[in-house]
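Descriptive analysis of the structure
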Amino acid sequence: MTIFCSHCHRPLQAEMSCLPRRGTQAPLKPFRSTKSASKARRDQINVELQALRSLLPISAREKERLSYLHTMALVCLRLRGAQLFPPDSAPPAEPALGAELLSLLPGFLLVLSANGKLVYISENVAQVLGLSVVQLLAQGDTVFDILDGRAHEDVRKKLLLAQEAPGREVTFVSEMRTSKAFQLQHGGNRAVAVHGRFTALRWPASPSTTAFLALCTPVAWLPADSDAGSQDDLFQSTHILDMTFTDVTESVTYHLGYRREELIGQSWYSLLHPEDTDLAAAQHRAMGESLGTGTTGGTAVLRVLRRDRTWAWLRVSARRDGGGRSITCTSRCLR
């Protein structure tokens, strides 16, 4: 194989090297960074970050406490908001919206881009999660970064469902990350019901002009499985392997309105909200993969139809019992 010179394009011989022709410039030596050059770059970056920090619509005291990471997180949040809400149609700034007005809401406001990126979080999120907007952004810049990891797949499906039918309302309950003080006081993260829809903010509608607008409302704390808690907000049911009721405690009447006799022989799936059947089926399959007694399907938060045709939110824990021939569900009602 013949090798050609990169300068004169003539064939090279193995024993000879080729030098640049007269009048051509020799290749430049690679630039070596020095301590002074690195310091100059860091100083320039610091100046730019200070300039970005000065533009953020927050108090001077809050600006002084921002780290570089928090500064960039807030800047990215504002840039995404400016893309979805141009200056001529942007929502009012937080002070104009009013802390008093926000305090009247049962939860905090959340705006997401089409790919789940955080666009806006109202300041009263601190009342629900014990974390300020800045502290929450330190977790990450997507809604999945602030949710319990076990809920990611279910939430992703719900957002996809809402995106396929803009204007369609979807609701899901998931545990959100909280401050350490909240976790110490309540034994874990907080369960929040997210109720929202995708809305086209400008026309023509496209992923860059569509946002998920939601109200996030706290529900009852989800106690740990080992926490006995109050027995007044739960009932138990027994099913054969296809989830047909074979027995249920009398307290189901208080929570769902049905008499015990009405449910025996019915399928558990006939009571589930259509949007929650996939999650319940996944829990069911988890138990079906093993034939042993005591196999659990984990815990799921589901909507179940009451007798008065309203929906009840239940935290359902299921396990396989009776030598693997039956399934027992413990359902705790969320408020």
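Residues numbered from 1 in each chain as written. Predicted model: local features only at pLDDT ≥ 70, side-chain atom pairs only at ≥ 80, totals over all residues. Heavy atoms only, no water.

1. Topic: the overall build of the protein chain
Check the secondary structure of the protein chain and you find twelve helices and ten strands. Counting only residues that meet the buried cut, the protein chain has 40% of its 335 residues in that class. Restricting the contact set of the protein chain to residue pairs at least 6 apart, pairs at least 24 apart contribute 50%. For the protein chain, the exposed surface amounts to about 19,700 Å²; the carbon and sulfur share of it is 56%. (Helix = DSSP H or I, 4+ residues; strand = E, 2+ residues; numbered from the N terminus. Buried < 20%, exposed > 50% of the residue type's maximum accessible area, 1.4 Å probe, protein only. Contact = heavy atoms within 4.5 Å. Areas by Shrake-Rupley, 256 points an atom, 1.4 Å probe, with all protein chains shown as cover.)

2. Focus on the packing of helix α1 (residues 35–55) against helix α3 (residues 68–84)
Think of two packed helices as two axes; the pair is described by the angle between the axes and how far apart they sit. Running from amino to carboxyl end, α1 crosses α3 at an angle of 50 degrees, the nearest separation of the two axes being 10 Å. Judged by the inter-axis angle, α1 sits oblique to α3. The handedness of the crossing between α1 and α3 is left-handed. Residue-level inspection shows N46, L49, L52 and R53 of α1 in contact with α3, the latter providing Y68, T71, M72 and V75. For the contact of α1 with α3, the class distribution of residues is five nonpolar, two polar and one charged. (Axes fitted to C-alpha atoms, helices over the stretch in contact; angles between N-to-C directions. Parallel < 35°, antiparallel > 145°, perpendicular 65-115°, else oblique. Left-handed = near helix turned anticlockwise from the far one by under 90°. Nonpolar A, V, L, I, M, F, W, Y, C, P; charged D, E, K, R; others polar.)

3. Brief notes about the UniProt feature "domain: PAS" (unreviewed entry) in the protein chain
The UniProt record marks residues 94–166 and 248–276 with the feature "domain: PAS" (unreviewed entry), using the residue numbering of this structure. Across residues 248–276, the secondary structure splits into 31% helix and 3% strand, with the terminal C-alpha atoms separated by 21 Å. (UniProt positions renumbered as here; feature names shortened; annotations may be inferred.)

4. Brief notes about the pattern of salt bridges
Applying the stated rule across the entire model yields twelve salt bridges. Note that R197 is salt-bridged to E169, the shortest N-O span being 2.2 Å. Separated by 28 residues along the polypeptide, R197 in strand β4 (residues 190–200) and E169 in the loop between α8 (152–164) and β3 (170–176) bring together distant segments of the chain. Given the relative accessible area of 38%, E169 is considered partly exposed. Within the structure, one salt-bridge network assembled from shared partners comprises K158, R168, E275, D276 and R303. (Salt bridge = Lys/Arg side-chain N within 4 Å of Asp/Glu carboxyl O.)

5. Overview of the pairing of strand β9 (residues 311–321)
Counting buried positions along β9 yields eight of eleven residues, so the element is predominantly enclosed. Note that β9 and strand β10 (residues 326–333) share eight bridges and pair antiparallel. By the bridge assignment for β10, V316 is matched with S331. Two successive antiparallel strands, β9 and β10, enclose a turn made up of four residues, where G322 displays a positive phi of approximately 60 degrees. (Pairing = 2+ DSSP bridges.)

6. Let's talk about the environment of T277
With respect to the helices and strands, the residue T277 is situated in helix α12 (residues 277–288). For T277, a relative accessible area of 26% puts it in the partly exposed group. When the C-alpha positions of T277 and L302 are compared, they lie 8.5 Å apart, and in sequence the two are 25 residues distant. Discounting chain neighbours no more than four positions away, the residues touching T277 are Y269 and L272.

7. A few points about the packing of aromatic side chains
Evaluated as defined, the whole model comprises two aromatic pairs. Pairing F198 with F212 gives two aromatic rings, centres 5.2 Å apart and planes at 55 degrees, and the pair type is tilted. Of the two residues, F198 sits in strand β4 while F212 sits in strand β5 (residues 210–218), which places them 14 residues apart along the sequence. With relative accessibility at 0%, the residue F212 sits in the buried group. (Phe/Tyr/Trp six-rings, centres within 6.5 Å; stacked < 30°, edge-to-face > 60°.)

8. Notes on the sheet that holds β3
The strand order across the open sheet built from five strands is β2-β1-β5-β4-β3, with neighbouring strands paired in antiparallel fashion. Edge strands, defined here as strands with exactly one partner in the open sheet, are β2 (118–121) and β3. If you compare each strand with its neighbour and ignore which way they point, the axes differ by 25 degrees on average. Summarising the sheet, β3 and β4 pair through seven bridges and their orientation is antiparallel.

9. Comments concerning a nonpolar patch on the surface
On the surface, L52, L55 and M72 cluster together into a nonpolar patch covering about 280 Å² of accessible area. Among the residues examined, L52 registers a relative accessible area of 31% and is labelled partly exposed. (Patch = residues over 30% accessible without salt bridge, like charges linked within 9 Å, V, L, I, M, F, W, Y side chains within 5 Å.)

10. Brief notes about empty space enclosed by the protein
The full count for this structure, using the stated rule, is one cavity of 30 Å³ or more. Looking at the largest cavity, its volume works out to about 50 Å³. Taken together, M243, W268, Y269, A280, Q283, H284, M287, V316, A318 and C329 form the lining of the largest cavity. Mapped onto the lining of the largest cavity, the elements with two or more residues apiece are α12 and β9. The biggest single contributor to the lining of the largest cavity is α12, with four residues. Split into classes, the residues belonging to the lining of the largest cavity amount to eight nonpolar, two polar and no charged. (1 Å grid on protein atoms, 1.4 Å probe; cavity = no way out; pocket = protein on both sides within 12 Å on 5 of 7 lines; lining within 4 Å. Points joined across faces, edges and corners; volume = space filled by probe spheres on them.)

11. Examining α12
Over its twelve residues, α12 runs 16 Å from end to end, which matches the ideal 16 Å to within 8%, given 1.5 Å per residue. Among all positions in α12, only A280, A281, Q283, H284 and M287 are buried. Viewed along the axis of α12, the buried residues span an arc of 160 degrees, placing them on a single side of the element. Looking at α12, the residues exposed on the side facing more than 90 degrees away from the buried face are D278 and R285. (Expected span 1.5 Å × (residues − 1). Arc of directions from axis to C-beta.)

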